[in-house]
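A structural walkthrough
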Amino acid sequence: MLILGSGPAGYTAAIYAARAGLNPVMYQGGQPGGQLTITNDVENYPGYPEGVMGPEMMVDFQKQAERFGTDNRYGLATSVDFSKYPLSVTIDEKHEILAKSVIISTGASAKWLGLPSEERLNGKGVSACAVCDGFFFRGQEVAVVGGGDTAAEEATYLAKLCKKVYLLVRRDELRASNIMQQRVFKTPNLEVLWNTETDEVLGDEEVQAVRVFNNKTGEKKEIPIGGFFVAIGHQPNTEIFKDYLDLDENGYIKTVPGSTVTNVEGVFASGDAQDHIYRQAVTAAGTGCMAALDAERFLSAKELEAV
């Protein structure tokens, strides 16, 4: 069994697979530990009553997977050939791995504005997940960037926790669905700033304000805030699979409902590479468990066929 990616989904799949005696090999990918390695405090994962730092949590996952015999390797899957069996995966453009089953847990990457200050303050008030981090900003004033359903959902969620939410929209209308727009407009402590783009996130050790400009008039102003949430979408890390796997219009891997089974026999998808709705560590871990169990059943059936 080959596991691609090492976030909560990949490590959970490895734990289950190793305990089942399937000798999983895991390649950690371009960001070992996944998005949690750039997350400071994690307070909503069961089993950590005092909370835990994201990188520390991923070290715990890794130790548990390795305890049961997971072969954990550095390397990035750069191409695949799922047209024949065994399945072929090329690592770092030079090492071909043949596998009887593949679990994809390559995750998704948040889209960012590309500001140096945004990168510098990531985890220090800048976030791409309101559900993950909104609790830390309760009672404060925050800003959300975006105009689609994700931004509208994040803004209305934060409005339940925060004193004031500014929704920064670069156009003069929202792209969000009608029902989400109505929720935005009916939320009293949520203010929409139209034709507004971010010039800079301000603060030394943590976010203190955001400087924005009106793209119609050029006018600039600073808004004091404690949290800055970027909600302009995510990009699933699935490009190398597009010639073989069924993807949706946004690049997420399609799976048979209620399972992690893909359209290619022996290939299973878990975590944020196939989940564009929840995108939480705990749900990713859950689908990692599912993928390992689905793969185990597949391999057992293969063995019976060979007898």
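Each remark here, short or long, concerns the structure printed above.
Quick look at the structure, then. Just so it is clear, the structure is predicted and the values come from calculations on it, not from any experiment.

1. Re empty space enclosed by the protein
On inspection of all chains with the given rule, the structure shows one cavity of 30 Å³ or more. When its volume is computed, the largest cavity comes out at roughly 40 Å³. Around the largest cavity, the lining residues are Ala-110, Lys-111, Ala-128, Thr-150, Glu-154, Val-230, Ala-231, Ile-232, Gly-233, His-234 and Arg-279.

2. Side note on helix 2 (residues 54-67)
An ideal rise of 1.5 Å per residue puts 20 Å on 14 residues; helix 2 measures up with 20 Å between its terminal C-alpha atoms. Of the positions making up helix 2, those classed as buried are Gly-54, Met-57, Met-58, Phe-61 and Ala-65. With its buried residues spanning 95° around the axis, helix 2 presents them on a single face. Among the exposed residues of helix 2, those pointing more than 90 degrees away from its buried face are Lys-63 and Arg-67. Buried residues in helix 2 make contact with helix 1 (8-19), strand 3 (41-42) and strand 4 (52-53). Positive phi appears at Gly-69, one or two residues downstream of helix 2, with a value of about 105°.

3. Points about the layout of surface pockets
Counted as a void, the second largest pocket has a volume near 300 Å³. Along the walls of the second largest pocket sit 14 residues, with Leu-113, Val-145, Gly-146, Arg-170 and Ile-232 positioned nearest its centre. Here the element with the most residues in the lining of the second largest pocket is strand 15 (residues 196-202); it accounts for three residues. In terms of residue class, the lining of the second largest pocket is made up of five nonpolar, four polar and five charged.

4. Some details on the sheet that holds strand 8 (residues 95-99)
With respect to topology, three strands assemble into an open sheet ordered 6-7-8, the strand pairing being antiparallel. This sheet does not close on itself; its edge strands, each paired only once, are strand 6 (77-81) and strand 8. This sheet shows a mean twist of 25° between the axes of neighbouring strands, independent of strand direction. Relative to strand 8, strand 7 (residues 87-91) runs antiparallel, the two sharing five bridges. Residue Ser-88 lies in a different strand from strand 8, and its bridge partner there is Leu-98.

5. Here we look at the packing of aromatic side chains
Scanning the model with the defined rule gives nine aromatic pairs in all. Grouping aromatic residues by their ring pairs yields a cluster made of Tyr-45, Tyr-48 and Phe-61. The aromatic ring of Phe-68 is capped on one face by Arg-19, whose charged end is 5.4 Å from the ring centroid. Here the guanidinium or amino end of Arg-138 rests over the ring plane of Phe-135, the centre of that ring lying 3.9 Å away.

Each value, and the rule that gives it
Residues numbered from 1 in each chain as written. Predicted model: local features only at pLDDT ≥ 70, side-chain atom pairs only at ≥ 80, totals over all residues. Heavy atoms only, no water. 1 Å grid on protein atoms, 1.4 Å probe; cavity = no way out; pocket = protein on both sides within 12 Å on 5 of 7 lines; lining within 4 Å. Points joined across faces, edges and corners; volume = space filled by probe spheres on them. Helix = DSSP H or I, 4+ residues; strand = E, 2+ residues; numbered from the N terminus. Expected span 1.5 Å × (residues − 1). Buried < 20%, exposed > 50% of the residue type's maximum accessible area, 1.4 Å probe, protein only. Arc of directions from axis to C-beta. Contact = heavy atoms within 4.5 Å. Nonpolar A, V, L, I, M, F, W, Y, C, P; charged D, E, K, R; others polar. Pairing = 2+ DSSP bridges. Axes fitted to C-alpha atoms, helices over the stretch in contact; angles between N-to-C directions. Phe/Tyr/Trp six-rings, centres within 6.5 Å; stacked < 30°, edge-to-face > 60°. Lys NZ or Arg CZ within 6 Å of the ring centre and 35° of its normal.

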